[in-house]
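What follows is the residue order along each chain.
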2 protein chains.
Amino acid sequence: MEYLEQLGQRAVAAKYELQRLTTEEKNDALEAVASALIDHAGRMLEANGRDYETARQSGMSEALLDRLKLTEERIGAMAEGLRQIAALSDPVGEVMDSFDRPNGLRIDKVRVPMGVIGIIYEARPNVTADAFGLCFKTGSAVILKGGKDAFYSNEAITQIIRETLAAEGISADAVQLIAHNDRAVTTAFMQLKQYVDVLIPRGGAGLIRAVVENSTIPVIETGTGNCHIYVDEEADPEKAVPIILNAKTQRIGVCNACESLLVHEKIAESFLPKLAEALREKHVEMRGDETVRRAIPDAAAATEEDYGTEYLDYIISMKTVGSVKEAVEHINRYGTKHSEAILTENREHAEQFLQGVDSACVYVNASTRFTDGFEFGFGAEIGISTQKLHARGPMGLKELTTYKYLIRGDGQIRQ
Amino acid sequence: MEYLEQLGQRAVAAKYELQRLTTEEKNDALEAVASALIDHAGRMLEANGRDYETARQSGMSEALLDRLKLTEERIGAMAEGLRQIAALSDPVGEVMDSFDRPNGLRIDKVRVPMGVIGIIYEARPNVTADAFGLCFKTGSAVILKGGKDAFYSNEAITQIIRETLAAEGISADAVQLIAHNDRAVTTAFMQLKQYVDVLIPRGGAGLIRAVVENSTIPVIETGTGNCHIYVDEEADPEKAVPIILNAKTQRIGVCNACESLLVHEKIAESFLPKLAEALREKHVEMRGDETVRRAIPDAAAATEEDYGTEYLDYIISMKTVGSVKEAVEHINRYGTKHSEAILTENREHAEQFLQGVDSACVYVNASTRFTDGFEFGFGAEIGISTQKLHARGPMGLKELTTYKYLIRGDGQIRQ
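Residues numbered from 1 in each chain as written. Chains lettered and ligands numbered in written order. Predicted model: local features only at pLDDT ≥ 70, side-chain atom pairs only at ≥ 80, totals over all residues.

Once that is clear, we can look at the overall build of chain A. Within chain A, the regular secondary structure consists of 16 helices and 16 strands. Dimensions of chain A, computed from the C-alpha atoms along their principal axes, are close to 70 × 70 × 35 Å. Expressed as a percentage of its 415 residues, the buried residues of chain A come to 54%. (Helix = DSSP H or I, 4+ residues; strand = E, 2+ residues; numbered from the N terminus. Buried ≥ 20, exposed ≤ 12 C-beta atoms within 10 Å, placed from the backbone.)

As a further point, take the nonpolar core. When a protein is soluble and globular, its nonpolar side chains tend to lie buried together. Core analysis: the largest hydrophobic core is formed by 140 residues, its most contacted members being V142(A) and V142(B). Discounting residues that sit within four places of it in the chain, V142(A) has contacts with I117(A), I119(A), A131(A), F132(A), C135(A) and V175(A). (Core = buried A, V, L, I, M, F, W, Y, C linked by C-beta atoms within 7 Å. Contact = placed C-beta atoms within 7 Å.)

This next bit is on the sheet that holds strand 10 (residues 300–301) of chain A. Strand pairing in a sheet relies on backbone hydrogen bonds, with the paired strands running either antiparallel or parallel. With mixed pairing, 10 strands are arranged side by side in an open sheet as 10(A)-9(A)-11(A)-8(A)-7(A)-12(A)-13(A)-16(B)-2(B)-1(B). What marks the edges here is a single partner per strand, and that holds for strand 10 of chain A together with strand 1 (95–100) of chain B. Where strand 8 (residues 258–264) of chain A lies against strand 11 (residues 315–321) of chain A, 5 bridges are found, and the strand directions are parallel. Bridge pairing in strand 11 of chain A links L261(A) to M318(A). Where helix 14 (residues 324–334) of chain A meets the sheet, it contacts strand 7 (227–231), strand 8, strand 11 and strand 12 (339–343) of chain A, and its direction lies at approximately 140° from that of strand 11 of chain A. (Pairing = 2+ DSSP bridges. Axes fitted to C-alpha atoms, helices over the stretch in contact; angles between N-to-C directions.)

Another aspect to go through is the relation of the copies chain B and chain A. The transformation that overlays chain B on chain A combines an axial shift of 0.0 Å with a rotation of 180°, and the residual RMSD is 0.1 Å. Expressed as a symmetry operation, the mapping of one chain copy onto the other fits a two-fold axis. The rotation axis passes nearest to the C-alpha of H390(B) in chain B, at a distance of 1.8 Å. A shared binding surface is used by both copies, with 98% of the interface residues of chain B retained as interface residues in chain A. (Least-squares fit on C-alpha atoms with pLDDT ≥ 70 in both.)

So, on to helix 7 (residues 151–167) of chain A. All names here are of chain A. Compared with the 24 Å implied by 1.5 Å per residue over 17 residues, the 24 Å span of helix 7 between its first and last C-alpha is a close match. When helix 7 is considered as a whole, its buried residues turn out to be F151, S153, N154, A156, I157, T158, I160, I161, R162, T164 and L165. Where helix 7 is buried, its residues meet helix 2 (23–39), helix 3 (41–57), helix 6 (126–137), strand 4 (141–145) and strand 5 (175–177). Phi for G169, located one or two positions after helix 7, is positive at around 80°. (Expected span 1.5 Å × (residues − 1).)

This part covers the packing of helix 6 of chain A against helix 7 of chain A. Residue and element names in this part refer to chain A. Taken N-terminus to C-terminus, the directions of helix 6 and helix 7 make an angle of 35°; their axes are 8 Å apart at the nearest point. In the packing of helix 6 onto helix 7, the handedness of the crossing is right-handed. Contacts between helix 6 and helix 7 involve T128, A129 and F132 on the former and, on the latter, N154, I157, T158 and I161. Across the contact of helix 6 with helix 7, the residue classes break down as 4 nonpolar, 3 polar and no charged. (Left-handed = near helix turned anticlockwise from the far one by under 90°. Nonpolar A, V, L, I, M, F, W, Y, C, P; charged D, E, K, R; others polar.)

With that out of the way, let us pick up the sheet that holds strand 6 (residues 198–202) of chain B. All names here are of chain B. Taken together, 4 strands build an open sheet; the order of strands is 5-4-3-6 and the sheet is parallel. The sheet terminates laterally at strand 5 (175–177) and strand 6, the two strands that pair on one side only. Taking the axes of each pair of neighbouring strands and ignoring which way they run, one obtains an average angle of 20° across the sheet. Sheet topology note: the strand 3 (residues 116–121)/strand 6 ladder contains 5 bridges and is parallel. Opposite Y121, over in strand 6, you have R202 as the bridge partner. Across the sheet, helix 9 (residues 205–214) is in contact with strand 3 and strand 6; its angle to strand 6 comes to roughly 160°.

By a frequent convention, interface size equals the accessible area lost on bringing the separate parts together. Taken together, the contact between chain B and chain A spans 52 residues of the former and 51 residues of the latter. Elements that contribute at least two residues to the side of chain B that touches chain A include exactly helix 9, helix 10 (237–249), strand 13 (361–366) and strand 16 (401–412) of chain B. A per-class count over the side of chain B that touches chain A returns 24 nonpolar, 15 polar and 13 charged. Pairing analysis gives 5 bridges linking strand 16 (residues 401–412) of chain A to strand 13 of chain B, with the strands arranged parallel. Within strand 13 of chain B, the position partnered with R408(A) by the bridge is V364(B).

Residues and elements named next belong to chain A. Partitioning chain A into structural domains gives domain 1 (2–222 + 390–408) and domain 2 (227–375). The C-alpha-based centres of domain 1 and domain 2 are spaced at 35 Å. Taken together, the contacts link 4 residues of domain 1 with 5 residues of domain 2. In terms of residue class, the side of domain 1 that touches domain 2 is built from 1 nonpolar, 2 polar and 1 charged. (Domains from an automatic or database assignment.)

Before going further, it helps to spend a moment on helix 9 of chain B. Regarding helix 9 of chain B, the residues found buried are I208(B), V211(B) and V212(B). Down the axis of helix 9 of chain B, the smallest arc covering the buried residues is 95°, so these residues share one side. (Arc of directions from axis to C-beta.)

Before going further, it helps to examine the packing of helix 5 (residues 72–87) of chain B against helix 6 (residues 126–137) of chain B. Residues and elements named next belong to chain B. The geometry of helix 5 relative to helix 6 is characterised by a closest axis approach of 9 Å and an angle of 10° between their N-to-C directions. When the interaxial angle is binned, helix 5 and helix 6 end up roughly parallel. In this structure, helix 5 contributes R74, M78, G81, L82 and I85 to the contact, and helix 6 contributes N126, A129, D130, G133, L134 and K137. A breakdown of the residues in the contact of helix 5 with helix 6 according to their chemical character gives 5 nonpolar, 3 polar and 3 charged. (Parallel < 35°, antiparallel > 145°, perpendicular 65-115°, else oblique.)

Residue and element names in this part refer to chain B. Here L354 shows up in helix 15 (residues 347–356). A tally of 20 C-beta atoms within 10 Å means that L354 is categorised as buried. Separated by 52 residues in sequence, L354 and A302 have C-alpha atoms that sit 26 Å apart.

Right, let's get into the pairing of strand 1 (residues 95–100) of chain A. Residue and element names in this part refer to chain A. Burial of strand 1 is sparse: only 0 of the 6 residues sit out of reach of the surface. With 5 bridges connecting them, strand 1 and strand 2 (residues 106–113) associate as antiparallel partners. Paired with F99 across the bridge in strand 2 is I107. Where strand 1 folds back onto strand 2 in an antiparallel hairpin, the turn is made up of 5 residues, including G104, whose phi is positive at roughly 95°.

Quick look at the structure:
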């Protein structure tokens, strides 16, 4: 606990220093860190080798080992990511609103840094550099808690960043990594409310649930995406097949991939066999209701559980519905408020879907895979928010800031 | 639990209905409810009489009894409050941003209702009508948990609102009151995450802490205000005395009242006796450090605890500091991130204070009492947020909404 107290106090001291940096000073430091990561690649690769060996010997899956592994190329991408963040415009200081009150008070609403941001993540070491870059650019100090499997990698990356900042005359405590891997420390970190302004979990559903249940710090939930595509009776099949294929298979393990398909019953028979053919080519396992299975004989039976599952795999659930309304109701019941699409040439149906679906991003005739900071034009993102407070959808730099009111008077008192 | 599940499900069903109401339909319903409250004042007064008698017999303090009490006049004010909300402009549907992407996707960021809002409050029955009005106008359903001392009053008010809505052809479940008063139900309510999008506690520090610690629903913290005024060495004493008096004594029990005064050591001796005279006239008890006590002989000694206390009473803590920097550091350490003011004629000092203080509202030469929805021109407010996520400072109608992205394409897939 004392350890965390000290971490918190150092982060708070750093945040006041970071708030005073100019955009240019921040960008210079980001460039310097990018170069340092390249220059010290050897240290990171060595540390990563230790993590990798331990993980391999303890039987980690190939997919996770791949996420854990650092290479020269991946380090290059980390550095490039920081340079991209440096190139983005700085949201801090923006006057969001200004108004004069009848009593002569002048009120300015000004965008300011969040302060201290906590990030809890799993075994991808590149998140360490990413999260630092995004928080630093927005003038906040960050406290990181990475997965224990990547501990030495994260430590090496953090150390290089800290050394570079210190050499630039900036507080190294702009980034701190929690050096303990037991769960009690992580839980205590989630309650470091006195020092930490917001906590962002990045990872799977289990991690996010643990943070939501244990944190007393305000949390931004990110990431889980049980995304739906609804093929309306007036969909254009020429557009529909490529969109569904793209949303399901362009990248499998991501939160904006399509996990569940709804089809209007009137076109089930004509459309589904065509779609099934394309999905079979990509080796996608299909699970559907009775109507679906009549149209696609090799589809398995879908259960209630299937409709609520984010597979992150070559599996798709399918269901027929009788109307846009029914599609909307299904999505609002089983979805995770991330991204959903309607495919239709009927404008009224599209509007009904756009209005009714309670998700961060609602699409007409496009792939759900576009829910992404770069695709939206925001640049690098810290995650996709699936809650309704503060930020929804892709969270770029602006969403990592807050605001305060500056009120200037000349002696006003309240009547 | 089953009871809360049902409440949640009914609120969700109502939220989809409310989202579809036009501004005019919402305003008409608010007007109808306002009239119904006046027409049925007798029912509320009778119910309030039961609450009041029970509370009086159980020894409730005069101040709390006064908060609990309903009168014809107070019911008139409740109705007037709803009419004011009807007169405010409707934030729902506002297009906050629109952009076209190079691939032809059109992205609109649109303001939408929050969905289901939970409000937990203490023994002021007028919050029942207020909270309903604000949530209803922004298209959200609300679930209320009021203090048990006001239960019959809250029940009568809720019942009248529900009857009026039903008569207007709108789902009565736009407002529901939790009918159980044991703590286990309240705690379970704080975890009704599946149905409730945001939870707002309105009340004292203890209530707010309990909600923050137990809720898995995103919380907006409101209300606690250990607000500071810093009298700079270059303050104009002619402005300073009236501002401090106003901020401390114009209304004692409110979150934007001044609780602690910082004075530059160079002017302590000349300024404090003058201020003390004015504070004595208002019967304000003064507690200060040694320098303060030399200037004000009848001031008591202030402890560390005093500097961290929101008195909500005729007491003020006082401390001398050597610089703006020291004042800022003291405030950031002991404050509650609510409202703070610097009194100075020196522009640089003012800017240093505005930038350095980490609070929702930072003032120059004005009373902290202006932190208020009406004073800011926002109209009725649900509270003053002291956290950094989503909303800071006075929360009006806009702050009770969220947004979603509507993305329109014609077959776009991700490369």
